[in-house]
Number of protein chains: 2
Amino acid sequence: MKVVDPATVETPIGYIDLARVRLNAERIAKYAAEHGLGWRPHIKTHKSRAMARIQLDKGAIGLTVATLREAEVMADLTDDILLAYPPVGDARLERLLRLPASIDLKVGLDSHDVLAPLAAAAAKVGRSVGILIEEDLGLGRVGVRGPDEVIRLANAAQSFEGVNFSGLMFYPGHIRMSVPEQVTHQELLNERLLRTISALCEEGLNPGIVSGGSTPTLWRSHEIQALTEIRAGSCIFFDREALEVGVANAEDLAYTVLATVISTAVPGQVVVDAGSKALAKESRSGEAGFGILFDRTEVVVSSVSEEHGVLDLSGIDWHPKVGERVRIIPNHVCVSVNLQEELLARDDGTHCFIELEARGRRHWSV
Amino acid sequence: MKVVDPATVETPIGYIDLARVRLNAERIAKYAAEHGLGWRPHIKTHKSRAMARIQLDKGAIGLTVATLREAEVMADLTDDILLAYPPVGDARLERLLRLPASIDLKVGLDSHDVLAPLAAAAAKVGRSVGILIEEDLGLGRVGVRGPDEVIRLANAAQSFEGVNFSGLMFYPGHIRMSVPEQVTHQELLNERLLRTISALCEEGLNPGIVSGGSTPTLWRSHEIQALTEIRAGSCIFFDREALEVGVANAEDLAYTVLATVISTAVPGQVVVDAGSKALAKESRSGEAGFGILFDRTEVVVSSVSEEHGVLDLSGIDWHPKVGERVRIIPNHVCVSVNLQEELLARDDGTHCFIELEARGRRHWSV
């Protein structure tokens, strides 16, 4: 890779520390292995082949994707892809089934309306797609509710040519396992999950895969009973949310946005060039602002407009000058990475650019 | 342009109505001309040569940009560019001064720390860059405060080789002129602006340009005394904010995000494929959610995650099915466009793609 002098790189730009990325991947893979779990990281966080390669090298069993572009790009790196998103519409179905035949393809879905056309299209090209039925275990976003509906869909998957029932999928990201009063949520999740699994087994529909870990719940994934794999993605970089939730410490953070002070004119604040088009305006309940400084975590990005981020310096004894660079920890890393064209990466004292090949929605070859 | 069948286009995608874009551009140019104002639209909204061409055809006097990429792309279309953003750092300065010599280049800034290196770099290449001094007239983001500081900077600009003092710039977007109690804000703005202009004139520093209009204040820009031009950008498309502020009606909206229902599993809602990576999670004070439906403005996108937008259907008698398409009016159009790779455009019954050449930060030729 071409070595880059970071001083010559225009800000704002996403900035990663490859040593930390490797350590994070290693630690997650080790945790998963210790608990007999597979790690199938969601690559929406980084959208980069180089990052996926690190995850696979460290022991990931396959990759999880949300878009067809992501699937197309990652198909070079693994033969095990989970599309954790319903392929609704002819365009998506066509792209999905054009993926190399060597790939063991699994799809997460929550309705007959998605299952039936997928099965028909897969049967037509002589393919068998594994189906993970998404169950809503409390997040209230997507997912069928309760064992009856899961069984109905699983039976449909077994009856159709072109697909086969492979297991269950859910997203536990709404559970903050570090919050004691939320332990009941976890118990509730376990209770619901076991009820569904028992009901499936009684019908002779053994779920080979039970896929569920998220980054907020990462280190307590083993407490989710019957889980076979975790999909945690943002843990490759972590972010401000991860710090607040307690799933990461400052030394685990591998992604920041490198920004430059561009105005000090208004008293009590300075303005940097990272705004909603670099950090994202990702408000979070219970947290002020849109990011904090890496080297001064007490400094908050209190507001953002498109190309402006305001650092609130009231009560802070630090007076950066125009031109000074700062590193910002965004609230949510995935949406910030998605706003970058490439990442600047530090590795062993040198710097290089990392491509984000899976960004966007166009067909990879276009 | 290649004709596209919209039914085959994968969602989510930004969708524009070119007839409305032309009407919007025409109406704004006409309004500006009637009031003796120039229209120098900010192209950060669309980042597209095709849209800028429409603006220039309809009478825009030049273009406003925020990034060097935007400047490089638009340099083919006009010889009048205002970089309404301080070019901090060597990389930005270098790119700025590499723009064709034929371009009458103006830069907005608020500090000596930006002015001095810019002047030195411009002098070195034998260029003269017009300087608009940014004054903070109440937004509290960037801009010097009060006539003394403006005069100091204007005098510095006059004394340096490589630059010349061209006028004043400010952003009045915080003023909601449609809100009666905010008229005092406007009076205050006028008062401050006139005070600065008088002070400048007394020093023999006549500001040739007084640049200030924003979309929220668009149709009352003529009430800002001494204004010579408006930079209003998002008015080419408008958005939910424009509707709420009253600067646009439903029939003026030229941009929506085309999305598809992907889950109806959780009662009381449906989920579409446009989330924070297509709409942006652009929360606005006093407004629920992240967008509304174009055809059913009572339906709100109540929450978003990366690839999911939840349409709250509680109390609504409409039951869309998986696969059904909807059009979403985002809260803030500029950040949504920035998340697209291209736009799907309707023009006279046919559809085509519109490129967004000025997206991103890399050098245009790279």
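Residues numbered from 1 in each chain as written. Chains lettered and ligands numbered in written order. Predicted model: local features only at pLDDT ≥ 70, side-chain atom pairs only at ≥ 80, totals over all residues. Heavy atoms only, no water.

## Observations regarding the overall build of chain A
Part 1 of the argument: Across its full length, chain A carries 9 helices and 17 strands.
Part 2 of the argument: In terms of overall dimensions, chain A has C-alpha extents of about 70 × 50 × 35 Å along its principal axes.
Part 3 of the argument: Burial analysis of chain A (366 residues in total) assigns 64% to the buried set.
Part 4 of the argument: Relative to all contacts within chain A whose residues are 6 or more apart in sequence, the contacts with residues 24 or more apart total 68%. (Helix = DSSP H or I, 4+ residues; strand = E, 2+ residues; numbered from the N terminus. Buried < 20%, exposed > 50% of the residue type's maximum accessible area, 1.4 Å probe, protein only. Contact = heavy atoms within 4.5 Å.)

## What to know about the pairing of strand β8 (residues 209-213) of chain A
Residues and elements named next belong to chain A.
Part 1 of the argument: Burial analysis of β8 places 5 of its 5 residues in the buried class, which makes it a mostly covered element.
Part 2 of the argument: As paired strands, strand β7 (residues 163-169) and β8 are joined by 3 bridges and run parallel to one another. Residue pairing for β8: Gly167 is matched across the bridge by Ile209.
Part 3 of the argument: Relative to strand β9 (residues 229-230), β8 is paired through 2 bridges, and the arrangement is parallel. Paired with Gly213 across the two strands is Ile230, which belongs to β9. (Pairing = 2+ DSSP bridges.)

## Re the side chain of Gln269 of chain B
Part 1 of the argument: Mapped onto the elements, Gln269 of chain B comes out in strand β11 (residues 269-272).
Part 2 of the argument: Classification of Gln269 of chain B by relative accessible area gives buried; the value is 15%.
Part 3 of the argument: For Gln269 of chain B, the contacting residues outside a window of four places in its chain are Gly140 and Arg141 of chain A together with Thr264, Val310, Leu311 and Leu313 of chain B.

## Quick notes on the packing of helix α4 (residues 90-97) of chain A against helix α5 (residues 112-124) of chain A
Residues and elements named next belong to chain A.
Part 1 of the argument: Where α4 meets α5, the closest approach of the two axes is 10 Å, and the angle between their N-to-C directions is 40 degrees. Our classification of the angle between α4 and α5 gives oblique. Relative to α5, α4 is oriented so that their crossing is right-handed. Judged by residue contacts, Leu93, Leu96 and Leu97 of α4 engage Pro117, Leu118, Ala121 and Ala122 from α5. (Axes fitted to C-alpha atoms, helices over the stretch in contact; angles between N-to-C directions. Parallel < 35°, antiparallel > 145°, perpendicular 65-115°, else oblique. Left-handed = near helix turned anticlockwise from the far one by under 90°.)

## Side note on the sheet that holds strand β6 (residues 129-134) of chain B
Part 1 of the argument: Read from one edge to the other, the open sheet built from 8 strands follows the order β2-β9-β8-β7-β6-β5-β4-β3 (chain B), with strand pairing classed as parallel. Each having just a single partner strand, β2 (38-39) and β3 (63-65) of chain B make up the two edges of the open sheet.

## Examining the environment of Tyr31 of chain B
Residues and elements named next belong to chain B.
Part 1 of the argument: If you trace the backbone, Tyr31 turns up in helix α1 (residues 18-34).
Part 2 of the argument: Residue classification places Tyr31 among the buried positions, given a relative accessible area of 7%.
Part 3 of the argument: Excluding residues within four positions of it along the chain, Tyr31 makes contact with Leu37, Leu218, Trp219, Arg220, Ser221 and His222.

## Points about unusual backbone geometry
Residue and element names in this part refer to chain A.
Part 1 of the argument: Cis rather than trans, the peptide bond between Thr11 and Pro12 has omega equal to -5 degrees.
Part 2 of the argument: With respect to the helices and strands, the residue Pro12 is situated in the segment before β1 (13-17).
Part 3 of the argument: At Lys47, a residue that is not glycine, the phi angle is positive and equals roughly 50 degrees.
Part 4 of the argument: Position of Lys47 relative to the elements: it lies in the loop between β2 (38-39) and α2 (49-58).

## A look at the interface of chain A and chain B
Part 1 of the argument: Between chain A and chain B, the residue contacts involve 61 residues of the former and 61 residues of the latter.
Part 2 of the argument: With both chains or domains summed, chain A and chain B bury close to 5100 Å², and 49% of this area falls on carbon and sulfur atoms.
Part 3 of the argument: Per-residue buried area on chain A facing chain B is highest for Glu10, Arg141 and Arg361 of chain A; these three make up 14% of the total on that side.
Part 4 of the argument: Between chain A and chain B we count 14 salt bridges in total.
Part 5 of the argument: Arg95 of chain A is the salt-bridge partner of Glu10 of chain B, the closest N and O atoms lying 2.7 Å from each other. (Buried area = accessible area lost by both parts, 1.4 Å probe. Salt bridge = Lys/Arg side-chain N within 4 Å of Asp/Glu carboxyl O.)

## Remarks on α1 of chain B
Each turn of an α-helix holds 3.6 residues, which means side chains three or four residues apart point in the same direction.
Residue and element names in this part refer to chain B.
Part 1 of the argument: Its 17 residues place the ends of α1 24 Å apart at the C-alpha level, agreeing with the 24 Å of an ideal helix rising 1.5 Å per residue.
Part 2 of the argument: For α1, the complete set of buried residues consists of Leu18, Val21, Asn24, Ala25, Ile28, Ala29, Tyr31 and Ala32. In an axial view of α1, the angular spread of the buried residues amounts to 160 degrees, which keeps them on one side of the axis. Summarising the geometry of α1, the exposed residues directed more than 90 degrees from the buried face are Leu23, Lys30, Ala33 and Glu34.
Part 3 of the argument: Those residues of α1 that are buried lie in contact with β1 (13-17), β2, α2 (49-57), β9 (229-230), β16 (342-347) and β17 (350-355).
Part 4 of the argument: Two residues or fewer past α1, Gly36 is found with a positive phi of approximately 65 degrees. (Expected span 1.5 Å × (residues − 1). Arc of directions from axis to C-beta.)

## Some words on the domain arrangement of chain A
Residues and elements named next belong to chain A.
Part 1 of the argument: By the assigned domains, chain A splits into domain 1 (18-237) and domain 2 (250-355).
Part 2 of the argument: Between domain 1 and domain 2, the C-alpha centre-to-centre distance is 32 Å.
Part 3 of the argument: Across the boundary between the two partners, domain 1 contributes 17 residues, which contact 17 residues of domain 2.
Part 4 of the argument: Together, Leu18, Arg20 and Phe237 form the three largest contributors to the area buried by domain 1 at its contact with domain 2, with a combined 48%. (Domains from an automatic or database assignment.)

## What to know about the relation of the copies chain A and chain B
Part 1 of the argument: Aligned on chain B, chain A shows an RMSD of 0.0 Å; the corresponding rotation is 180 degrees and the shift along the axis is 0.0 Å. One copy is carried onto the other by what is essentially a two-fold rotation axis. It is Lys281 of chain A whose C-alpha, among those of chain A, lies nearest the rotation axis, at 3.2 Å.
Part 2 of the argument: Of the residues that chain A buries at the interface, 100% are likewise interface residues in chain B, meaning the two copies contact each other through the same surface. (Least-squares fit on C-alpha atoms with pLDDT ≥ 70 in both.)

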